[in-house]
Structure formats: structure tokens, C-alpha cells
Amino acid sequence: MVIAGWNKKYAMIRKEFKYSKEQDKESAIILDSILRKNISNKKIRDEISGKTVFVIGAGPSLSLAIPKLKKFKKVVKIVADSAVKPLIENGIKPNIVVTDLDGDEHSLKKIGKTDSIFVVHAHGDNISKLQLAENFKNCIGTTQTNPFKKIQNFGGFTDGDRSVFLANHFEAKKIILFGMDFGKRIGKYSQTKASERQIKLKKLKRAKLLLEWLSENSRSQLFTTSSQINGFEKISYNELDIIIT
Ligand SMILES: Nc1ncnc2c1ncn2[C@@H]1O[C@H](COP(=O)(O)OP(=O)(O)OP(=O)(O)O)[C@@H](O)[C@H]1O
Ligand SMILES: Nc1nc2c(c(=O)[nH]1)N=C(CO)CN2
Ligand SMILES: [Mg+2]
């Protein structure tokens, strides 16, 4: 089931970014046809339900977070797109990758061969990239329109906030954010082209508002090590040992 109120949020996003519902649907249909061996939700639920999970984005604070993250080998890490590359370069393995396939292709393909679970998002502007999903051993597909066949909708917009909506959907006990700064600076690890900076900043603004909206009804405990988000408790890296228990 789609999170209550999502369709209204999606209508606002379509209006703000001038997206076409028809193209979003078309993309989802193509992804559905590509996902011949999509995995069951049980696998992903087992990773998340009742657990503390980290959601890792590609904001400026990711550089500071990486040395801290190395300590927490056993904590489930849900990693948004461009954050995958710097993490694997530092020996940190994502358990779940949330991507609309515009992160570093080489890193996505490399991790796609392992047992990490991929949550691939189809939208009207990534149709040409969907074929990449064939490289992922464990993969599920998502859309921002209505779910159908193998394609699901857990809510959310950018890869980072969609990771939080995913963790919320599968009832994580605690969700702790890293590299999720939003604000006016795009992180150096983000694969954003110069021509897309303005639109990216607008997307980040929308993503933050969606997380604040989610926090109003979430049953997960929400924390952030990055900049302040209403509804999330701001914590320091020193507090992690206590909070993850
Ligand atoms: N200041 C920031 N700069 C970059 N990413 C950020 C920032 N703050 C939060 N994030 C989160 O990190 C995620 C991963 O960053 P990345 O640059 O890969 O995004 P992206 O792949 O372009 O995202 P999307 O495709 O969803 O727009 C973003 O989806 C966003 O939610
Ligand atoms: N149609 C469309 N949908 C999206 C897009 C986008 O560029 N086009 N980008 C997203 C996150 O970056 C999420 N959803
Ligand atoms: Mg992306």
C-alpha cells in the first residue's frame, strides 16, 4: 500500500518540476519488464524490521562521517546513489542501495554483483539508464506513480529521502542519517553536473520537506548526524554507540 497522502505530494512534485505522469508510468513499465528476477520483500524486511539502520546520502558531511561509519560494520546501511562510490573506496559495504541510476556506474555494477539489495527507481527522465538494472543480482523496482506487478511505491522523491521512506515502510526501529545535509551546498561526492545545480538544490529542498512530513507519522525513531531536520533528533557521532543499542 502507498503511504497515506503520497499522491498529493506527488502531484505537488509534478507541478513544481514539470514532470509527466505518463512518462513516469512508461518508465515503470519498462523497469517491470527488465526485472525478471526481482527479489521478494521478505529479504529486505528481514534486513530492516525492528533494527537500527543508517541512511547515508552524498551531502558535504559525508567526508566527516566516513571514518566514523567504519566502526559500525554490523549496522545495516542503506546508501543513496552517489554515496556508494566513496563508501566502497573506504571499505564500507552498503547492505541496500537506493538509486535512480545516475550515481557512479562502475561502483553500482561492482556492488550489484554482491548480495547487496538494489532498490531501483524508475522515472520519466531515467528510461535510458534502466537497462543497468540487469546487472544487479538482488533488485526490486519502485515508482512515484501507482504500484503494479513488480513495481512498488514506498514514497519519497530523491534517492536519500526515498531511503528513509523505505526504512520507515519496513518498520526500522531507529533510522540515523549521515551525509543528509540538504541546505545550499551540494556534496563533493554527488555526481551532479554543473548545468543541473539549481534544479538539484530545488530537489534537496523538496526532499527535506518530505522527511519533515514523514516524521509527523513515523513509528521509527529518527536521528540525524547531519544538519537539523524538524522531527529528527540531532546527534553527535560520539552518541552513536549509545543510540544504536
Ligand atoms: N547537500 C547535499 N548534497 C547532495 N546530496 C544530498 C545533500 N543532502 C542530502 N543529500 C542526499 O544524498 C542523496 C544522494 O546524493 P546524489 O548526489 O547521489 O543524489 P542523486 O543521485 O542526484 O539523487 P537524485 O538522483 O535522487 O536526485 C540525494 O538523493 C539526497 O537525498
Ligand atoms: N520524472 C522525474 N522524476 C524524478 C526525477 C526526475 O528527474 N524526473 N528525479 C528524481 C530524483 O532526482 C526523482 N524523480
Ligand atoms: Mg540518483
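Residues numbered from 1 in each chain as written. Chains lettered and ligands numbered in written order. Predicted model: local features only at pLDDT ≥ 70, side-chain atom pairs only at ≥ 80, totals over all residues. Heavy atoms only, no water.

Per an unreviewed UniProt entry, the protein carries the name 6-hydroxymethyl-7,8-dihydropterin pyrophosphokinase and comes from Nitrosarchaeum koreense MY1. The annotation that UniProt attaches to the protein under Catalytic activity (unreviewed entry) is "6-hydroxymethyl-7,8-dihydropterin + ATP = (7,8-dihydropterin-6-yl)methyl diphosphate + AMP + H(+)". Within the UniProt record for the protein, the comment given under Function (unreviewed entry) is "Catalyzes the transfer of diphosphate from ATP to 6-hydroxymethyl-7,8-dihydropterin (6-HMD), leading to 6-hydroxymethyl-7,8-dihydropterin diphosphate (6-HMDP)." (UniProt positions renumbered as here; feature names shortened; annotations may be inferred.)

(A) Representation of the coordination of the magnesium ion (ligand 3) within the structure. For the magnesium ion (ligand 3), the protein coordination sphere consists of Asp 81 (OD), Asp 100 (OD), Asp 102 (OD) and Asp 159 (OD), at 2.0 to 2.1 Å. In this structure, the magnesium ion (ligand 3) is coordinated by 6 donor atoms arranged in octahedral fashion, with angles at the metal of 76 to 177°. Judged by relative accessible area, Asp 100 falls into the buried class, the value being 10%. According to the relative accessible area criterion, Asp 102 is partly exposed, its value standing at 39%. (Donors = N, O, S within 2.8 Å, 3.2 Å for Na, K, Ca; no water. Tetrahedral: all angles 85-135°; square planar, octahedral: opposite > 155°, others 65-115°. Buried < 20%, exposed > 50% of the residue type's maximum accessible area, 1.4 Å probe, protein only.)

(B) Highlighting the pattern of salt bridges. The tally for this structure, following the rule as stated, stands at 10 salt bridges. A salt bridge links Glu 105 to Lys 109, with the shortest nitrogen-to-oxygen separation between them at 3.9 Å. Of this pair, Glu 105 and Lys 109 both sit in helix α6 (residues 105–112), 4 residues apart, which is roughly one turn of the helix. One salt bridge connects Arg 162 with Asp 159, and the closest N-O pair in it is separated by 2.8 Å. Taken together, the residues span about one helical turn, with Arg 162 and Asp 159 both in helix α7 (residues 159–169) at a distance of 3 residues. Here Arg 162 and Asp 159 have matching classes, each one buried. (Salt bridge = Lys/Arg side-chain N within 4 Å of Asp/Glu carboxyl O. Helix = DSSP H or I, 4+ residues; strand = E, 2+ residues; numbered from the N terminus.)

(C) Structural detail: the site of ligand 2. Around ligand 2 sit Tyr 19, Asp 24, Asp 100, His 123, Gly 124, Asp 125, Gln 144, Phe 157, Thr 158 and Lys 203, and that is every residue in its neighbourhood. At a separation of 3.3 Å, an oxygen atom of ligand 2 approaches a polar side-chain atom of Tyr 19. Across the complex, the protein chains shield 91% of the 340 Å² of accessible surface that ligand 2 would expose by itself. Put simply, ligand 2 lies in the largest pocket. (Near = heavy atom within 4 Å. Polar contact = N/O pair within 3.5 Å; in protein donor to acceptor, adjacent residues only side chain to side chain. Areas by Shrake-Rupley, 256 points an atom, 1.4 Å probe, with all protein chains shown as cover. 1 Å grid on protein atoms, 1.4 Å probe; cavity = no way out; pocket = protein on both sides within 12 Å on 5 of 7 lines; lining within 4 Å. Sits in = over half its atoms within 2 Å of the grid points.)

(D) Just the site of ligand 1, in detail. Among the 25 residues in the neighbourhood of ligand 1, the closest are listed as Ser 82, Asp 159, Arg 185, Ser 190 and Lys 200. A distance of 3.0 Å separates an oxygen atom of ligand 1 from a polar backbone atom of Ala 58. Between Gly 160 and ligand 1, the recorded distance is 3.0 Å, taken from a backbone N or O atom to an oxygen atom. When isolated, ligand 1 has an accessible area of 580 Å², and the protein chains bury 97% of it. In this structure the site holding ligand 1 corresponds to the largest pocket. Counting residues per element, the ones that place at least two in the shell around ligand 1 are α7 and α8 (197–215). Split by residue class, the shell around ligand 1 holds 7 nonpolar, 9 polar and 9 charged. (Nonpolar A, V, L, I, M, F, W, Y, C, P; charged D, E, K, R; others polar.)

(E) Structural context of the layout of surface pockets. In this structure, the largest pocket encloses a volume near 890 Å³. Along the walls of the largest pocket sit 41 residues, with Asp 100, Asp 102, Asp 159, Lys 200 and Lys 203 positioned nearest its centre. Contributions of two or more residues to the lining of the largest pocket are made by α7 and α8. Residue composition of the lining of the largest pocket, grouped by class: 10 nonpolar, 16 polar and 15 charged. Within this model, the second largest pocket holds a volume of roughly 340 Å³. Around the second largest pocket, the lining is made up of 16 residues, and of these Ile 3, Asn 168, His 169, Asn 217 and Ser 218 lie nearest the centre. Where the lining of the second largest pocket is concerned, the elements lending two or more residues are α7 and α8. (Points joined across faces, edges and corners; volume = space filled by probe spheres on them.)

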